Amino acid sequence: GSKIILSEDIVISNCLVNGTILIESDAYVVFENVTFLLRHFPTIKNNRFLFESFMEIHDSAKVIIRNSFFNVVDYDANMTLYDNAQLIIENTNSSSSEKFYLFLFNSSNLTIRQSDMYSLIYLRDFSSAYIEDLTGSVEIAAVDNSQIGLTGFINLPFGSIYLCNYTTLRSTNANVTGYSFS
């Protein structure tokens, strides 16, 4: 399939995104008022069947998704961040039909503010997630020196937070309800 590759600064607004996006280098990309159709994208690499992320963010790229909607149309749809990449999601909602996955590796950073999400967030290798005023069903799994920060109203009626291998959870002025912790 085709893939959009973004390696320079750009603002994308008022549209529908249906496909895979690779954001790399030091690109600064803003998605404003965008509907994303989240699918799993099967591919074959090295004679192995794999699912590609609908969005991959690499290097020191920074991505802001604001006032948008994630329409999850297939199971296992995912976004992946690598190598100091940053993703900020603000005032964005997701459909609740299928969960989508956010994977963070190698010191990548995720911020979610004032959003309603149905997802699983997996942090690894010194990655961090900062979550402020979030509702929905979110599970968070953090390992290998990762950090989670929670603030504001966090309502996770079907959510869970799992921590292991030197992971830190910081809660500042947070009102967290409806989750399990282990």
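Residues numbered from 1 in each chain as written. Predicted model: local features only at pLDDT ≥ 70, side-chain atom pairs only at ≥ 80, totals over all residues. Heavy atoms only, no water.

## With respect to the overall build of the chain
Test applied: For the purposes of this entry, the term helix denotes a DSSP run of H or I that reaches at least four residues, the term strand denotes a run of E that reaches at least two, and both are numbered from the N terminus. Note on areas: Shrake-Rupley, 1.4 Å probe, and residue coverage restricted to the protein chains presented here.
Looking only at helices and strands, one finds zero helices and 17 strands in the chain. Counting every atom, the chain has about 8700 Å² of accessible surface; 46% of that belongs to carbon and sulfur.

## Considerations on the packing of aromatic side chains
Put simply, the test is: Here is the rule: rings of Phe, Tyr and Trp (six-membered ring for Trp) pair when centre to centre is within 6.5 Å. Planes less than 30 degrees apart are stacked, more than 60 are edge-to-face, and the remainder are tilted. Per-residue accessibility, obtained with a 1.4 Å probe over protein chains only, is compared with the maximum for each type, and a residue is labelled buried under 20%, exposed over 50%, and partly exposed between these values. Consider the ring centre and the ring normal. A charge sits over the ring if Lys NZ or Arg CZ is within 6 Å of that centre and within 35 degrees of that normal.
Within the structure shown, the criterion is met by eight aromatic pairs. Plain terms: the ring middles of F36 and F70 are 5.4 Å apart, the flat faces sit at 40° to each other, and that makes the pair tilted. Taken together, the positions of F36 in strand 4 (residues 28-38) and F70 in strand 9 (residues 69-72) put the pair 34 residues apart, joining distant regions of the chain. A relative accessible area of 0% places F70 in the buried class. Geometry around Y118 places K99 over its ring, the cationic atom sitting 5.8 Å from the centre.

## Focus on the side chain of S94
Threshold: A 3.5 Å cut-off defines polar contacts: any pair of N or O atoms within that distance qualifies, except that in protein one atom must be a possible hydrogen donor and the other a possible acceptor, and neighbouring residues in sequence count only when both atoms are side-chain atoms. When checking whether two residues touch, look at their non-hydrogen atoms; a contact exists if any pair is within 4.5 Å.
As for its placement among the helices and strands, S94 is situated in strand 12 (residues 93-94). In terms of polar contacts, S94 uses its side chain to reach the backbone amide nitrogen of Y118, at 2.8 Å. Look past the residues within four positions of S94 in its chain and what remains in contact with it is F69, F70, F100, D116, M117 and Y118.

## Some points on unusual backbone geometry
With a phi angle near 50°, N91 is a residue other than glycine that sits in the positive phi range. Locating N91 in the fold gives a position in the loop between strand 11 (86-90) and strand 12. Relative accessible area serves as the criterion here: at 44%, N91 is assigned to the partly exposed category.

## A short note on the environment of R124
Relative to the assigned elements, R124 resides in the loop between strand 14 (109-123) and strand 15 (128-142). For R124, a relative accessible area of 31% translates into the label partly exposed. Residues R124 and F105, 19 residues apart in the sequence, show an inter-C-alpha distance of 5.1 Å. A polar atom in the side chain of R124 sits 3.0 Å from the side chain of D144.

## A word on the environment of N71
Checked against the element boundaries, N71 lands in strand 9. By relative accessible area, which is 24% here, N71 ends up partly exposed. Put simply, N71 and F36 are 35 residues apart on the chain and 5.9 Å apart in space, counted from C-alpha to C-alpha.

## Quick word on the nonpolar core
Stated formally: We call a set of buried Ala, Val, Leu, Ile, Met, Phe, Trp, Tyr and Cys residues a nonpolar core when their side-chain atoms join them within 4.5 Å.
The biggest cluster of nonpolar side chains holds 43 residues, and the ones touching the most others in it are I23, F31, F36, M55, L87 and I121. Of all the elements, strand 15 adds the most residues to this core, at six residues. With sequence-adjacent residues up to four places away left out, F36 is seen in contact with V17, F31, F54, M55, I65, S68, F69, F70 and N71. Residues F105, L120, Y122 and V143 belong to the second largest nonpolar core, which totals five residues.

## Brief notes about the environment of T151
Looking at the secondary structure, you find T151 in strand 16 (residues 147-163). In sequence terms T151 and T172 are 21 residues apart; their C-alpha atoms lie 5.1 Å from each other. When neighbours within four sequence positions are excluded, T151 is seen to be in contact with Y130, I131, E132, D133, T172, N173 and A174. A polar contact is formed between the side chain of T151 and the backbone oxygen of T172, at a distance of 2.6 Å.

Function-wise, these values are silent; they only describe arrangement.
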